[in-house]
Amino acid sequence: MLSQKRRWLILSVLGLFFFMVIVDGSIVAIAIPQIAQSLNAATGTTTLIISVYLITICATLLLFGQFGDQYGRVQIFEIGTFIFLVGSFLAGAGHTIEFVLGGRFVQGIGASMTMANSYAIVTDTFPAKQLGRAFGVESIFISLGALAGPGLGGLILGSFPWSYIFWINLPIGIICLIIEVLVFPKSIRHKEKGIDWYGAILLALAATCLYLLTTQLNTHIAYLAGLLILLGGFSWCFVKTEQKALRPLLNFTIFRNEMFRKSIIVVFLSFIVSYFFTILAPLYLQLVLNYSTQFSGILLMVAPVVSVFASPMAGYISDHYDQHVEMTIGMSILMMTQIGLLFLTRKSEPLYFIGLSAIMAVGTATFGTPNSVIIMQSVPEKLRGMAGSTNSLVREFGLVLGTTLSTIIFYRVLSIINHREIDTAIGVSKSSFLVAQRWTYAVGLLLLGMALLYIIYAIRKDFKHGKKRIR
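So, how was this worked out
Residues numbered from 1 in each chain as written. Predicted model: local features only at pLDDT ≥ 70, side-chain atom pairs only at ≥ 80, totals over all residues. Heavy atoms only, no water. Helix = DSSP H or I, 4+ residues; strand = E, 2+ residues; numbered from the N terminus. Rg over C-alpha atoms; globule rule 2.2 N^0.38 Å. Areas by Shrake-Rupley, 256 points an atom, 1.4 Å probe, with all protein chains shown as cover. Core = buried A, V, L, I, M, F, W, Y, C linked by side-chain atoms within 4.5 Å. Buried < 20%, exposed > 50% of the residue type's maximum accessible area, 1.4 Å probe, protein only. Contact = heavy atoms within 4.5 Å. Salt bridge = Lys/Arg side-chain N within 4 Å of Asp/Glu carboxyl O. Polar contact = N/O pair within 3.5 Å; in protein donor to acceptor, adjacent residues only side chain to side chain. pLDDT = per-residue confidence, 0-100. Phe/Tyr/Trp six-rings, centres within 6.5 Å; stacked < 30°, edge-to-face > 60°. Expected span 1.5 Å × (residues − 1). Axes fitted to C-alpha atoms, helices over the stretch in contact; angles between N-to-C directions. Parallel < 35°, antiparallel > 145°, perpendicular 65-115°, else oblique. Left-handed = near helix turned anticlockwise from the far one by under 90°. Nonpolar A, V, L, I, M, F, W, Y, C, P; charged D, E, K, R; others polar. Disulfide = S-S within 2.5 Å.

### Examining the overall build of the protein
Then comes step 1: Within the protein one finds 18 helices and 0 strands.
Then comes step 2: Rg of the C-alpha trace for the protein: 21 Å, near the compact-globule value of 23 Å for 471 residues, within the 12% margin.
Then comes step 3: With respect to the principal axes defined by its C-alpha atoms, the protein has extents near 60 × 50 × 45 Å.
Then comes step 4: Just so you have it, the protein exposes about 19600 Å², and 69% of that area is on carbon and sulfur atoms.

### Re the nonpolar core
Then comes step 1: In this structure, V28, I165 and Y284 are the most contacted members of the largest nonpolar core, which totals 142 residues.
Then comes step 2: No other element matches helix α12 (residues 258–288), which puts 18 residues into this core.
Then comes step 3: In contact with V28, other than residues within four places in its own chain, are I35, I49, I50, R104, I165 and F166.

### Topic: the pattern of salt bridges
Between side chains of opposite charge, pairing is possible as soon as their charged atoms come close.
Then comes step 1: A complete count under the given rule lists 3 salt bridges for this structure.
Then comes step 2: For the salt bridge of R73 with D124, the shortest nitrogen-to-oxygen distance reads 2.6 Å. Taken together, the residues R73 in helix α5 (residues 73–93) and D124 in helix α6 (residues 97–125) connect sequence positions 51 residues apart.
Then comes step 3: For E421, the salt bridge identified is with R412, shortest N-O distance 3.3 Å.
Then comes step 4: Judged by its relative accessible area of 46%, E421 is partly exposed.

### So, the environment of F252
Then comes step 1: Looking at the secondary structure, you find F252 in the loop between α11 (221–244) and α12.
Then comes step 2: C-alpha separation for the pair F252 and L401, spaced 149 residues apart in sequence, amounts to 22 Å.
Then comes step 3: Residues contacting F252, with those up to four places away along its chain left out, are F238, V239 and E242.

### Regarding the side chain of S357
Then comes step 1: Of note, S357 is situated in helix α16 (residues 351–377).
Then comes step 2: Reaching out from S357, the side chain makes a polar contact with the backbone oxygen of F353 at a distance of 2.9 Å.
Then comes step 3: Not counting residues up to four positions away in its chain, the partners in contact with S357 are F277, V302 and A303.

### Notes on the confidence of the model for the protein
Then comes step 1: Per-residue pLDDT for the protein has a mean of 83; in total, 91% of the residues score no lower than 70.
Then comes step 2: For the protein, the element scoring lowest by mean pLDDT is helix α3 (residues 43–46), at 72; α5 scores highest, at 93.

### Overview of the packing of aromatic side chains
Then comes step 1: According to the stated counting rule, one finds 18 aromatic pairs in the structure shown.
Then comes step 2: Considering the side-chain rings of W162 and F166, the 6.4 Å spacing of their centres and the 90° angle between planes classify their relative orientation as edge-to-face. Both residues of the pair, W162 and F166, count as buried.
Then comes step 3: Taking 5.9 Å as the distance between ring centres and 35° as the angle between the ring planes, the aromatic pair formed by F252 and F255 counts as tilted.

### Brief notes about α11
Then comes step 1: In a regular helix each residue adds 1.5 Å, so 24 residues correspond to 34 Å; α11 covers 35 Å between its end C-alpha atoms and thus fits that length.
Then comes step 2: Of all the positions in α11, only L224, L227, L231, F238, T241 and E242 are classed as buried.

### Observations regarding the packing of helix α1 (residues 4–23) against helix α9 (residues 169–183)
Then comes step 1: Packing of α1 against α9 leaves a shortest axis separation of 10 Å and a crossing angle of 150°. In this view, α1 runs roughly antiparallel relative to α9, as classed from their interaxial angle. Crossing of α1 over α9 shows left-handed handedness. Contacts between α1 and α9 involve R6, L9, I10, V13, L16, F17 and M20 from the former and N169, I172, G173, C176, I179, E180 and V183 from the latter.
Then comes step 2: For the contact of α1 with α9, the residue count by class is 10 nonpolar, 2 polar and 2 charged.

### Quick word on α12
Then comes step 1: Here α12 spans 45 Å end to end across 31 residues, near enough to the 45 Å set by a 1.5 Å rise per residue.
Then comes step 2: The element α12 is extensively covered by neighbouring structure, given that 25 of its 31 residues are classed as buried.
Then comes step 3: Downstream of α12 by one or two residues, N290 has phi in the positive range, about 60°.

### Describing unusual backbone geometry
Then comes step 1: Of the consecutive residues E349 and P350, the connecting peptide bond is found in the cis state with omega at 10°.
Then comes step 2: Tracing the chain through its elements places P350 in the loop between α15 (323–341) and α16.
Then comes step 3: A positive phi angle, near 75°, is found at R346, a position not held by glycine.
Then comes step 4: On the secondary structure map, R346 appears in the loop between α15 and α16.
Then comes step 5: Residue classification places R346 among the partly exposed positions, given a relative accessible area of 42%.

### Describing the environment of I83
Then comes step 1: Summarising the element assignment, I83 is placed in helix α5.
Then comes step 2: Overall, the relative accessible area of 23% leaves I83 in the partly exposed class.
Then comes step 3: In the structure, I83 is positioned 31 residues away from T114 in sequence and 9.9 Å away in space, judged by C-alpha atoms.
Then comes step 4: Once residues within four sequence positions are removed from consideration, I83 is found in contact with V106, I109, G110 and M113.

### Focus: the environment of F260
Then comes step 1: Its location among the elements puts F260 in helix α12.
Then comes step 2: On the basis of relative accessibility, which here comes to 0%, the residue F260 falls in the buried class.
Then comes step 3: In sequence terms F260 and N371 are 111 residues apart; their C-alpha atoms lie 9.5 Å from each other.
Then comes step 4: What F260 contacts, discounting residues up to four positions off in sequence, is I254, F255, I375, S378, V379, A387 and T390.

### Section: the state of the cysteines
Then comes step 1: Taken as a whole, this structure holds 0 disulfides when the rule is applied.
Then comes step 2: Unpaired in terms of disulfides, C237 finds its nearest cysteine sulfur in C209, a separation of 11 Å.
Then comes step 3: The class of C237 is partly exposed, set by a relative accessible area of 29%.

Here's what the structure looks like:
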């Protein structure tokens, strides 16, 4: 039996490492102009440093979740921590774009191993009556990680070379690894073995096609169409394989749970849009407003600082009031923020940017906290590990699509305006930058509108059929 102090120490380490893993998905965004100039690469190409990390996680997340179930979740988490640290060192030591991408691939493997087992370790560590509070605390770390990346990156770049946005993980990660070895209980290994390698290969192939789509955006339309067909084919084969597998990576019966399915869909859309801001905001601050990376980092820290206060408040509201209503209010706030982003025109800055960032943090907490609770509590206890892995996978796919979609729209509009192919934001006129940015955020607004309508539809359907909502 674990003591309360030991449980909360374990949760703190899990949360801190989850924070680092998620931050590393976005911390590169503010360093893109600096890395591009240092490595003599285009900003569009440098964005792949974000994509390869996220896609690697997507390709292997379910596989390492199954590894954790069979060989011990804590053991896989500890190995993942070590691999993540190795990848962080390699990414920071890179002197070519290819070397940095290789380091990010290794880093993504380690991140995937930890993310795949974090939710399940929390479930194993805490009794059922404390799970809601434990997941609420972990969601704070996740929300902070999603918002804090560019801001922390800016603060680091204000005093150190860009390599340190990766190397900052090393001292923190080593402390986490020591605590994991000394404090974490060893997981029970199951005697029955059987890894769904066929499903893992198909998922990796689908993720590879998605990665190639992000790297070949300016190639011939026939090539892109072929990649889309392959992506669809591998995805279809993966679904069919998992439906027949004895021990599937992803048990699709979990999607028969209507409440789980609805919550996953809206969080998927929200994470796609969240990376529009992550990709574009650092470029706007540095290339349009001509702010330094340090000052840009300070401005980008507004959202995570506000989130520190907003997330606990959202958690309290989630425990005492209707979570669906709170989620609807949160999505409405995010839509208001997205509308505000359409009017970023260099006027009233930096106050306008600060205000939007604060409101966005409130909306993210108000939407994300009840959504996470609904996802984890909508399934039976035996499926919570699967629900956690699926939630992580959907979130990562959302971030990948957000990075890809925002990059496609932004640089395509820039190319149309300037009547030539453009794959870098450095050197373009500020007026054309603002137009391309506005079109990108407009697409984000459309996606958030779809999510809000779906939430309202789901609530009305539940009310019509007299379904009890989670409180």
